[in-house]
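Overview (structure and organization)
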Amino acid sequence: MLTLRPLAAQDHSLLAGWFSSLADVVQWGGSQLSYPLTPLHVETMLGEGRATPPARRCWMVCRDGAPVGHAQLAYEWHDGNARLGRVAVAPAMRGQGLARPLTALMVQEAFSAPGIERLELNVYMFNQPALRTYEALGFKLEGVRRASTRVGEQRWDTGIMGLLRHEWQAGAGMPGAPSRAG
């Protein structure tokens, strides 16, 4: 069973160790981050969580108390939107079927916040495993921003995916969806 615990400053070294190149960091966190991931990057993320209401919440995803992943939610409270991002499974834990339950846990967390009606995410279109995971959980591809991200000499296409609260609720029986009973 996966659980969430808030990201802490002391998680920096562990999290930073999951990324071995600029491309890895950008794929995880976007082109505004640099490699290597620094304590300042983590502190900036944590600072966004200290706002009232929080602009961003960051978690380590744990199995049996040990971190196996990381994910974040950023909020646009006024419009009732949350954005799932910076999802990563620890390198040593990849290939063990954690991506879907980790993402389902984050979907549930997003929609547990009153007023959140839309959950969205960005995904690089070459990342087929992530696309399959998001689609399996009910996300719909809403568009593609072609050549939107520069990584060195490369340009990556960014897919925009969304899931609405009523779609998630109607998907009862899918991992992370609410039960129709009760």
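What counts as what
Residues numbered from 1 in each chain as written. Predicted model: local features only at pLDDT ≥ 70, side-chain atom pairs only at ≥ 80, totals over all residues. Heavy atoms only, no water. Core = buried A, V, L, I, M, F, W, Y, C linked by side-chain atoms within 4.5 Å. Buried < 20%, exposed > 50% of the residue type's maximum accessible area, 1.4 Å probe, protein only. Helix = DSSP H or I, 4+ residues; strand = E, 2+ residues; numbered from the N terminus. Contact = heavy atoms within 4.5 Å. Pairing = 2+ DSSP bridges. Axes fitted to C-alpha atoms, helices over the stretch in contact; angles between N-to-C directions. Parallel < 35°, antiparallel > 145°, perpendicular 65-115°, else oblique. Left-handed = near helix turned anticlockwise from the far one by under 90°. Salt bridge = Lys/Arg side-chain N within 4 Å of Asp/Glu carboxyl O. Arc of directions from axis to C-beta. pLDDT = per-residue confidence, 0-100.

**Looking at the nonpolar core**
Buried together is how nonpolar side chains tend to be arranged in soluble globular proteins. The biggest cluster of nonpolar side chains holds 48 residues, and the ones touching the most others in it are Phe19, Trp28, Leu73, Leu84, Leu119, Tyr134 and Phe139. If one sorts the elements of this core by residue count, helix α4 (residues 99-111) sits on top with 6 residues. Leaving out residues up to four positions away in the same chain, Leu119 has contacts with Leu73, Ala82, Arg83, Leu84, Val107, Ala110, Phe111, Phe139, Met161, Gly162 and Leu163.

**A look at the sheet that holds strand β6 (residues 140-151)**
Overall, mixed pairing links the 7 strands, which are arranged β1-β2-β3-β4-β5-β7-β6 in an open sheet. Looking at strand neighbours, the two that pair on one side only are β1 (2-6) and β6, the edges of this open sheet. Within the sheet, the average angular offset between the axes of one strand and its neighbour, ignoring direction, is 30°. Two elements, strand β4 (residues 81-89) and strand β5 (residues 118-124), share 4 bridges in a ladder whose sense is parallel. Paired with Leu84 across the bridge in β5 is Leu121. Running at roughly 150° to β4, helix α2 (residues 22-29) makes contact with β3 (66-76), β4, β5, β6 and β7 (154-164) of the sheet.

**Re the packing of α4 against helix α5 (residues 128-136)**
Packing of α4 against α5 brings their axes to within 10 Å, and their N-to-C directions diverge by 50°. Taken together, the axes of α4 and α5 are oblique relative to one another. Judged by the sense of rotation from one axis to the other, the crossing of α4 with α5 is right-handed. Taken together, the residues of α5 that come into contact with α4 (itself represented by Ala99, Arg100 and Thr103) are Thr133, Tyr134 and Ala136.

**Observations concerning the pattern of salt bridges**
For the structure shown, the criterion picks out 8 salt bridges. Among the ionic pairs, Glu109 bridges to Arg57, the shortest N-O distance being 3.0 Å. One end of the pair, Glu109, is in helix α4; the other, Arg57, is in strand β2 (residues 56-63), and 52 residues separate them in sequence. Looking at Arg57, the relative accessible area reads 28%, which means it is partly exposed. A salt bridge links Arg118 to Glu142; the nearest nitrogen and oxygen atoms lie 2.6 Å apart. In this pair, Arg118 sits in strand β5 while Glu142 sits in strand β6, placing the two residues 24 residues apart along the sequence. Take Arg118: its relative accessible area is 18%, and that puts it in the buried class. Salt bridges sharing partners connect three or more residues here, namely Arg118, Glu120 and Glu142.

**Some thoughts on helix α3 (residues 39-48)**
All of the buried residues in α3 are His41, Val42, Met45 and Leu46. Projected down its long axis, α3 shows its buried positions confined to an angular sector of 135°, all on one face. Turned more than 90 degrees away from the buried face of α3, the exposed residues are Pro39 and Leu40. Among the structural elements, α1 (12-16), α2, β2, β3 and β4 are those in contact with the buried residues of α3.

**Looking at the environment of Asn122**
With respect to the element layout, Asn122 can be found in strand β5. Taking the C-alpha atoms as reference, Asn122 lies 16 Å from Ala23; in sequence the two are 99 residues apart. Every residue in contact with Asn122, bar those within four places of it in the chain, is listed here: Thr158, Gly159 and Ile160.

**Some words on the confidence of the model for the chain**
Across the chain, the average pLDDT comes to 93, with 94% of residues at or above 70. Across the chain, the element-wise mean pLDDT spans from 94 in α3 up to 98 in β5.

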